[in-house]
Amino acid sequence: MIRENIKKMEEYKPPLEGRTKKNYLLLDFNEITTEPSPKVKRALKKFIDSGRLQAYPEYGNLNKKIADYAGVKVSEVMPTNGSDQAIDIVFRAVLAPRDKVIIPTPSFAMFYQSAKIQDACILKPFYNRKDLSFPLKEVLDLINRKVKLIVICNPNNPTGSFISVNEVEKILKKAKRKGATVLHDEAYFEFSKITAKDLIAKYDNLFITRTFSKAFGLASLRGGYVISQKDNIKQLFKIKGPYDVNMCAKTAALAALEDTKYMTSYVKRIMEKSKPKLEKFLTKKKIIFFPSRANFLLIKVSQPEKVYKFLKNKGILVRPRNDPGINNTIRISIGTIRETERFIRIFKTVPENYLF
Ligand SMILES: Cc1ncc(COP(=O)(O)O)c(C=O)c1O
């Protein structure tokens, strides 16, 4: 009874279990390493004590607050249950079975999941093998009338690679000519400051997805949103269930948006202090890492599993990667300056033969 394409798929099961039990330093999921704004906790406690847990959600001014933050019109946003749902809804809206979708690879697992659920045909131009830069020429060359969707994960997870808005526009233009849609994933926008939102007015084939899970620190609550032209957003609302965003996510997102200073101060510390410190250390140690505009770095080591286990024993979680194109790497999320110092202290004790 189950469709063949679903039977052929594997569940996406990231290694989440047990990670918050011990007092690990969590550098494995690109979350922030501190709690979110204190305003979030206060708002959530107030909501829990309101005696309204039994009622279905009411969203009030959520769309307006998100739109104000993103600098777009209210009619141009749709809140979602994490940006995973935002991505999935865009895929469901534009891809029919056997349509082609371009996913520059390697990239975030849920793009492939959503494509497979639609039974789409996935084209995977590889990030440049040398420096993991975005394969712009290949992507442009691949766009034809059979391609219905092009994913630009900017910056890309897990490589950290990024492209300029000018380059995004080149893809959008060709996609528009050939009748294709572009999904611009901005999950790390607050860190990268790269956004295609000013192109929304000009291009009706652009969808942007964003999240409250990363810089705002609300990963456990599942909040995200899509930005696109009004008519597209109207269509997407038909796919989303009316209460997919729960009241805790809504309450937390609103409180976080009231305290963007907290978020921007965290981001500044990570990107201007911790990241340069980590990069300087890795350069000195002659460890290869790839240019990143996000709160994580992908680094080359000879034995990723061994490095992972070594660091885990010392209380630090990172993500070993062995996918084609990025074999022998680990992805390290970047924490506060103190956490970065701790990471460096421990990383210095990793046996050399695990690294080189
Ligand atoms: C590039 C990218 N997009 C989307 C997401 C999904 O985040 P969430 O569903 O928590 O909003 C992630 C999470 O790691 C990501 O790395």
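Look a little higher up for the structure.
I will try to describe carefully the structure that is included in this document. (Residues numbered from 1 in each chain as written. Predicted model: local features only at pLDDT ≥ 70, side-chain atom pairs only at ≥ 80, totals over all residues.)

## Observations concerning the site of the ligand
- Of all residues adjacent to the ligand, which total 13 residues, the nearest are Gly-82, Ser-83, Asn-157, Thr-211 and Ser-213.
- Grouping the constituent residues of the shell around the ligand by class yields four nonpolar, seven polar and two charged. (Near = placed C-beta within 6 Å. Nonpolar A, V, L, I, M, F, W, Y, C, P; charged D, E, K, R; others polar.)

## Concerning the packing of helix 4 (residues 82–94) against helix 9 (residues 230–239)
- Taken N-terminus to C-terminus, the directions of helix 4 and helix 9 make an angle of 100°; their axes are 10 Å apart at the nearest point. Compared by their axis directions, helix 4 and helix 9 come out roughly perpendicular. From helix 4, Ile-89, Arg-92 and Ala-93 reach across to helix 9, where they touch Gln-235, Leu-236 and Ile-239.
- Classifying every residue of the contact of helix 4 with helix 9 gives four nonpolar, one polar and one charged. (Axes fitted to C-alpha atoms, helices over the stretch in contact; angles between N-to-C directions. Helix = DSSP H or I, 4+ residues; strand = E, 2+ residues; numbered from the N terminus. Parallel < 35°, antiparallel > 145°, perpendicular 65-115°, else oblique. Contact = placed C-beta atoms within 7 Å.)

## Some details on the packing of helix 2 (residues 38–48) against helix 10 (residues 247–257)
- Closest axis-to-axis distance for the helix 2/helix 10 pair is 8 Å, and the angle between their directions is 140°. Our pair here, helix 2 against helix 10, has a crossing hand that is right-handed. Contact with helix 2, carried on its side by Lys-39, Val-40, Ala-43, Leu-44 and Phe-47, involves Met-247, Cys-248, Thr-251, Ala-252, Leu-254, Ala-255 and Ala-256 of helix 10 and no other residues of that element.
- Among the residues making up the contact of helix 2 with helix 10, the classes are represented as 10 nonpolar, one polar and one charged. (Left-handed = near helix turned anticlockwise from the far one by under 90°.)

## Some details on the sheet that holds strand 9 (residues 296–300)
- Taking strand neighbours across the sheet as the criterion, the three strands line up as 9-12-11 in an open arrangement whose pairing is antiparallel. For this open sheet the edge positions go to strand 9 and strand 11 (319–321), each flanked by a neighbour on one side alone. On average, adjacent strands in this sheet sit at an angle of 25° to one another, irrespective of strand direction.
- In the sheet, strand 9 pairs with strand 12 (residues 329–333) via five bridges, with the strands oriented antiparallel. Following the sheet pairing, Ile-299 is matched in strand 12 by Ile-330.
- Packing against the sheet, helix 12 (residues 304–313) makes contact with strand 11 and strand 12, and its axis sits at approximately 175° to strand 11. (Pairing = 2+ DSSP bridges.)

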